[in-house]
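# Commentary on secondary and tertiary structure
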Amino acid sequence: MHVIEINDGELMETLTDRLAELGVKHGAIVSLIGGVDAFTISTMPADDATKDVVTDYALPAEMSGTGEVVDGTPHVHAVMAVEGDRAISGHLHTAHIGTWFARVYVIPAAT
């Protein structure tokens, strides 16, 4: 298992770079935890599951999630807990780390 810690920067971009450095092309993202300053998530509209509704949120959030690595690209579904005890959930496109951290636990697939 690899534990990837990100303390500053854009999560998905940094995670992609670290996976490449570690040689992980395929695997399971078994846990994602941390806090973000801003994020972008997408969900599907009720009338067309082939489309994405992408929303940017300029607010801090507690983050948890899971996912996979396919051909070196991370695919993460996350739950972002925001002020007012609300959760925003979906496909994570970006997450800006600065105030807190993100920790990603990855199990590479056997080759």
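Up top you'll find the structure we're talking about.
Notes on the structure follow. (Residues numbered from 1 in each chain as written. Predicted model: local features only at pLDDT ≥ 70, side-chain atom pairs only at ≥ 80, totals over all residues. Heavy atoms only, no water.)

## Remarks on the overall build of the protein chain
The secondary structure content of the protein chain amounts to 1 helix and 9 strands. Scanning the protein chain from its N terminus toward the C terminus, one meets helices and strands in the order β-β-α-β-β-β-β-β-β-β. Taken against the 2.2 N^0.38 rule, which gives 13 Å for 111 residues, the C-alpha radius of gyration of the protein chain at 14 Å falls within 12% of a compact globule. Across its three principal directions, the C-alpha atoms of the protein chain cover 40 × 35 × 20 Å. When each of the 111 residues of the protein chain is scored for burial, the buried share is 33%. A sequence separation of at least 24 residues applies to 66% of the contacts in the protein chain between residues at least 6 apart. (Helix = DSSP H or I, 4+ residues; strand = E, 2+ residues; numbered from the N terminus. Rg over C-alpha atoms; globule rule 2.2 N^0.38 Å. Buried < 20%, exposed > 50% of the residue type's maximum accessible area, 1.4 Å probe, protein only. Contact = heavy atoms within 4.5 Å.)

## Here we look at the nonpolar core
Core analysis: the biggest nonpolar cluster contains 26 residues, and L11, F39, M80 and L92 have the highest contact counts within it. When residues of this core are traced back to their parent elements, those giving at least two are β1 (2–6), α1 (11–22), β3 (27–36), β4 (38–43), β6 (61–70), β7 (73–82), β8 (86–97) and β9 (102–108). (Core = buried A, V, L, I, M, F, W, Y, C linked by side-chain atoms within 4.5 Å.)

## Details of the pattern of salt bridges
If you walk through the whole model with that rule in mind, you get 3 salt bridges. The salt bridge partner of R103 is E5, with a shortest N-O separation of 3.0 Å. Of this pair, R103 sits in strand β9 while E5 sits in strand β1, and the two are 98 residues apart along the sequence. Across the pair E21 and R18 runs a salt bridge whose closest N-O atoms are separated by 2.7 Å. Of this pair, E21 and R18 both sit in helix α1, 3 residues apart, which is roughly one turn of the helix. Taking relative accessible area as the criterion, R18 reaches 28% and is therefore assigned partly exposed. (Salt bridge = Lys/Arg side-chain N within 4 Å of Asp/Glu carboxyl O.)

## Observations regarding the side chain of E10
Its place among the elements puts E10 in strand β2 (residues 9–10). A polar contact is formed between the side chain of E10 and the backbone nitrogen of E13, at a distance of 2.6 Å. Excluding anything up to four places from it in sequence, E10 contacts H93, T94, A95 and H96. (Polar contact = N/O pair within 3.5 Å; in protein donor to acceptor, adjacent residues only side chain to side chain.)

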